[in-house]
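# Geometric and topological summary
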Amino acid sequence: MSALVLEDLRQRLPALLLKTDPADLQYYGRDWTRRWTPAPLAIALPASIEEVQGIVCWANANEIALVPSGGRTGLSGGAVAAQGELVVSTERLNKVLNFDPIDRTLTVQPGVPIEVLQNTAREHGLIYPVDFAARGSAAIGGSIATNAGGIRVVRYGNTREWIAGLKLVTGNGDLLDLNRGLIKNSSGYDLRHLVIGSEGTLGIVVEATVRLTEPPPLSNVMLLALPSFDGLMQVFAELRRRLSLSAFEFFTDIALKHVCAHGAQNPFREVHPYYVVTEFDAASEDQQSAVLSAFESLLEKGLVLDGVISQSDAQAAALWRLREGITESLAPHTPYKNDISVRVSAMPAFLAEAQSLLGEAYPHFEVVWFGHIGDGNLHINVLKPTELAMQAFVKDCEHVTELLAQVLHRHGGSISAEHGIGLVKKKYLGSTRSPAEIAVMRGIRQVLDPNGIMNPGKLMD
Ligand code: MLT
Ligand code: ZN
């Protein structure tokens, strides 16, 4: 049966690159979640929009599910193919197509990695400001699919803010050219925004036009040590009032322990319970003295215990590494990842409840708190004890996630801030979205993908 359907695909699209080696099925069938065993039918690597459309027509005719696949750095299982799906990799759709200096946009194919996009923008004296640790591998198509956030959302917002237009091959095989780079376009529903964050369930993004902006003024990075979690939001408020922040990230001593075991350098002699990495404009003397007086005032109030300010680009990079290296340093412990958000104003009340819930719920597991606290986004990673089987570990963690989802619901938060729902958070969608909202989402999915071939089982059943 599978040989026959693949033969049909080969006949329809003779030039299409298809991979079926077991090693390729393993490699392309998974993302950074390690919970599912990859089992795709095959991997298709289209090189044109026409080939993508041809694949979608074939999938509809043969009732084969498609899993769109970029850099597969996702953390929610959105790009996992474990049910005989055809993986549609955008790896060969990796060209930068056009730079428009007047519109300040770059038009790219979906497989272009974020880092390439950033470097290309810089070559033109501009920046693409969405940034996160997986920049080297994550592709723009996948970052659109999850509305990726990252480390500079405090200043620049999420991916959504930077997508001026995109082309989508829908689950019907239609090609939609959405918004065409317009700044103003008040002509009905903005379908571009439906696609952003849709996790490959409405179609395959085959082109994107991203907005660029001017590089920021010279910046500095500061690492702060904090005595308590309670003061964290006060430190944020104080620094935001006095400085022009581009990032405000936090992590605990446990995160620091792991990242240093992975090669990062701790600049402090003493161990402190909480840390913040913050980045801010420091081009003028006024800005630099504002940093020092902000730091002194935090010290005086007892909100901060110690601090280091970068004196060079290399030092700034070393301080950033302490925060950006956390995910990689935790990966060997197959963490169960929570990626939650509340409004920044709701953070103190939410934190108080969440801390006591998780303290009681996870007494035997190592729990690592870190994340984009300035955006109201926390990553709470629970590490799997080596001797515990994966299934039992996930079951324990899911029980806690149910309780956490209730707390989030009470505080108006979200069960997924920036990683997406995928397979991992599907059960909890109802705690963040109302039944009426989910019904609308289903309706939209039905219109754009009537035969249910686009990433079935992801986001919702
Ligand atoms: C990060 O911000 O480092 C990742 O989004 C978080 C994670 O790995 O849980
Ligand atoms: Zn993150």
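Our subject in this report is the structure included herewith. (Residues numbered from 1 in each chain as written. Chains lettered and ligands numbered in written order. Predicted model: local features only at pLDDT ≥ 70, side-chain atom pairs only at ≥ 80, totals over all residues. Heavy atoms only, no water.)

To continue, consider the coordination of the zinc ion (ligand 2). Surrounding the zinc ion (ligand 2) are the protein donor atoms His372 (NE2), His379 (NE2) and Glu418 (OE), which sit 1.9 to 2.2 Å from the metal. Sequence positions of the donors to the zinc ion (ligand 2) reduce to the motif H-x6-H-x38-E. Here Glu418 lies in the loop between α14 (390-410) and α15 (429-432) and His379 lies in strand β16 (residues 377-383), a separation of 39 residues in the sequence. Take His379 and Glu418: they sit in the same class, and that class is buried. (Donors = N, O, S within 2.8 Å, 3.2 Å for Na, K, Ca; no water. Helix = DSSP H or I, 4+ residues; strand = E, 2+ residues; numbered from the N terminus. Buried < 20%, exposed > 50% of the residue type's maximum accessible area, 1.4 Å probe, protein only.)

The next point concerns the sheet that holds strand β1 (residues 17-19). With mixed pairing, the four strands of this open sheet are ordered in space as β1-β2-β4-β3. Each of the sheet's edge strands pairs with one partner strand only, and the pair in question is β1 and β3 (66-69). Looking at each pair of strands side by side, their axes are set apart by 25 degrees on average, direction ignored. Alignment of β3 against strand β4 (residues 86-89), held across four bridges, turns out to be parallel. The residue of β4 that forms the bridge with Val67 is Val87. Lying over the sheet, helix α3 (residues 49-62) contacts β2 (42-45), β3 and β4, oriented at roughly 155 degrees with respect to β3. (Pairing = 2+ DSSP bridges. Axes fitted to C-alpha atoms, helices over the stretch in contact; angles between N-to-C directions. Contact = heavy atoms within 4.5 Å.)

Here we take up helix α8 (residues 232-242). Regarding α8, the residues found buried are Leu232, Met233, Val235, Phe236, Glu238 and Leu239. Residues of α8 that are buried sit in contact with β10 (219-226), β11 (245-252), β12 (274-281), α10 (285-300) and α13 (347-361).

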